[in-house]
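Coordinate analysis (summary)
Here are the chains, one letter per residue:
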Amino acid sequence: MSSKAKRVLPTRPEPPSAEQILADVQGTLPSDPVFVLPAEPPLDPPGPAPGCPEPAAEERERLYRQIRSYVGMNQRLQRSREQLRERRRELQRVGEALERGIAEMRQKAF
């Protein structure tokens, strides 16, 4: 049996004092990334990447038509889904009525 000595971890350092934090912040350069980066992302959607041209009018028109096509297809699918739900309900009602009719015929036969 080998015995391993327990490793002793160093203690955690104390957090810096307010004076130390202020001295650290005051000693940073204005070009420090903390001061350069925006605090929140911009609200406007980003435009084309630098160096990339904006899509041509034909491309925008093609994308617009494609989006309209997808929206139309989505609306048709939603209507079809509702129609299928209603047909399913109707089939369930007819199936239940058929089951009741079969049960009545069996009672009359016996």
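Everything numeric in this text was worked out from a predicted model, so none of it was measured. (Residues numbered from 1 in each chain as written. Predicted model: local features only at pLDDT ≥ 70, side-chain atom pairs only at ≥ 80, totals over all residues. Heavy atoms only, no water.)

1. Details of the overall build of the chain
For the chain, the count of helices and strands is three helices and zero strands. Walking the chain from its N terminus toward its C terminus, one meets helices and strands in the order α-α-α. Put simply, the chain has 110 residues, and 1% of those count as buried. Accessible area for the chain stands at about 11500 Å²; split by element, carbon and sulfur atoms hold 59% of it. (Helix = DSSP H or I, 4+ residues; strand = E, 2+ residues; numbered from the N terminus. Buried < 20%, exposed > 50% of the residue type's maximum accessible area, 1.4 Å probe, protein only. Areas by Shrake-Rupley, 256 points an atom, 1.4 Å probe, with all protein chains shown as cover.)

2. So, the pattern of salt bridges
In the structure shown here, the tally under the stated rule is six salt bridges. With a shortest N-O distance of 3.5 Å, R65 and E61 are connected by a salt bridge. On the criterion of helical spacing, the pair formed by R65 and E61 is a turn pair, its members being four residues apart in helix α3 (residues 57-109). Classification of R65 as exposed rests on a relative accessible area of 53%. For R89, the salt bridge identified is with E86, shortest N-O distance 3.1 Å. Of this pair, R89 and E86 both sit in helix α3, three residues apart, which is roughly one turn of the helix. Take R89: its relative accessible area is 38%, and that puts it in the partly exposed class. (Salt bridge = Lys/Arg side-chain N within 4 Å of Asp/Glu carboxyl O.)

3. Describing a nonpolar patch on the surface
Together, I21, V25, V34 and F35 make up an exposed nonpolar region whose accessible area comes to about 390 Å². Mapped onto the elements, I21 comes out in helix α1 (residues 18-26). On the basis of relative accessible area, I21 is assigned to the partly exposed category, the value being 43%. (Patch = residues over 30% accessible without salt bridge, like charges linked within 9 Å, V, L, I, M, F, W, Y side chains within 5 Å.)

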